[in-house]
Every structure is written in structure tokens, then in C-alpha cells.
Amino acid sequence: MTAIKGEEELTFQIGERTVQATARTFAFAPRGRIHKFSNPVSKPAKALVIVSRAGFEKALEEMAALAPGGNEPPDMENLLAIAKRYGVKIVGAPTGGVE
């Protein structure tokens, strides 16, 4: 699903497993498995996301356009509308211990 580059960090939860991802980390989430990610630090992170369902990249682009700057909360009404259009269920940020 994702490869992290540079000095960024992301936290991934795939099922019950939570992983702190740094440079050159790969995380795979099979289709249908609940998965989520968050950026636990204050600086932006970059990731390469590969999806196997053609067209889903448009959902990510639309969601990214709603991303606020700084510590502002996202526009959840519009985020949920985009998610519904693409068959995505928003489940929240990763929880639990990190491997």
C-alpha cells in the first residue's frame, strides 16, 4: 500500500497490528481489511500509495484537497460525503501499541 520516503513518519494500523513507519517502510492492507494511517508528528509526511482499484486515486485527491493546515480539524461533512461516493468507511486514527 505505501512506501515512506525521507525522514517522515506515519503510523499504520492494519487490522489489530499497528506499525510506526519511517523511511523505506512498506505496509500492505488487503482489500476489505480495515486499515488506517495518521501522521504522529507536526511536519508533513510524503508517501507513495498504490491502489489496485482503478479510480480510487480520485478519492484520495479529493480528500487531500480538504486537508486543513496546521492543527485545524478537517471538514468532516465533506470528507464523509467523498468517502460515501467511493465506498469508503471512515473509522478513525490508529489506536493501540506500536510495533
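Note that the structure is predicted; figures quoted are calculated from it, not measured.

(A) The arrangement of the side chain of Gln13 in detail. Its place among the elements puts Gln13 in strand β2 (residues 10–14). For Gln13, a relative accessible area of 8% gives the class buried. Within the structure, the side chain of Gln13 is placed 3.2 Å from the backbone oxygen of Gly15, a separation counted as a polar contact.

(B) Focus on unusual backbone geometry. Positive phi, normally seen in glycine, also occurs at Arg24, with a value near 60°. Topologically, Arg24 is positioned in the loop between β3 (17–21) and β4 (26–27). For Arg24, a relative accessible area of 68% puts it in the exposed group.

(C) Main features of helix α2 (residues 76–85). By the burial criterion, the buried members of α2 are Leu79, Ile82 and Ala83. The buried residues of α2 all sit within an arc of 100° when viewed along its axis, so they share a single face. Exposed positions of α2 whose direction lies more than 90 degrees from the buried face are Glu77, Lys84 and Arg85. Those residues of α2 that are buried are in contact with α1 (56–65). Following α2 by one or two positions, Gly87 adopts a phi angle in the positive range, close to 70°.

(D) View of the environment of Pro40. By the secondary structure assignment, Pro40 is in the loop between β5 (35–38) and β6 (47–49). Along the chain, Pro40 and Glu8 lie 32 residues apart, while their C-alpha atoms are 9.7 Å from each other. Residue contacts for Pro40: discarding those within four places in its chain leaves Glu9, Leu10, Thr11 and Gln20.

(E) A look at the pattern of salt bridges. Going through the model one piece at a time under the given rule, you end up with one salt bridge. We note a salt bridge from Arg85 to Glu62, for which the minimum N-O separation is 2.3 Å. Of this pair, Arg85 sits in helix α2 while Glu62 sits in helix α1, and the two are 23 residues apart along the sequence.

(F) Focus on the packing of α1 against α2. Contact pair α1 / α2: the axes reach a minimum separation of 10 Å and the direction vectors enclose 175°. Looking at the two axes, α1 sits roughly antiparallel to α2. For the pair α1 and α2, contact is made by Ala59, Glu62 and Met63 and by Leu79, Ile82, Ala83 and Arg85, respectively. Tallied by class, the residues present in the contact of α1 with α2 amount to five nonpolar, no polar and two charged.

What counts and what doesn't
- Residues numbered from 1 in each chain as written.
- Predicted model: local features only at pLDDT ≥ 70, side-chain atom pairs only at ≥ 80, totals over all residues.
- Heavy atoms only, no water.
- Helix = DSSP H or I, 4+ residues; strand = E, 2+ residues; numbered from the N terminus.
- Buried < 20%, exposed > 50% of the residue type's maximum accessible area, 1.4 Å probe, protein only.
- Polar contact = N/O pair within 3.5 Å; in protein donor to acceptor, adjacent residues only side chain to side chain.
- Arc of directions from axis to C-beta.
- Contact = heavy atoms within 4.5 Å.
- Salt bridge = Lys/Arg side-chain N within 4 Å of Asp/Glu carboxyl O.
- Axes fitted to C-alpha atoms, helices over the stretch in contact; angles between N-to-C directions.
- Parallel < 35°, antiparallel > 145°, perpendicular 65-115°, else oblique.
- Nonpolar A, V, L, I, M, F, W, Y, C, P; charged D, E, K, R; others polar.

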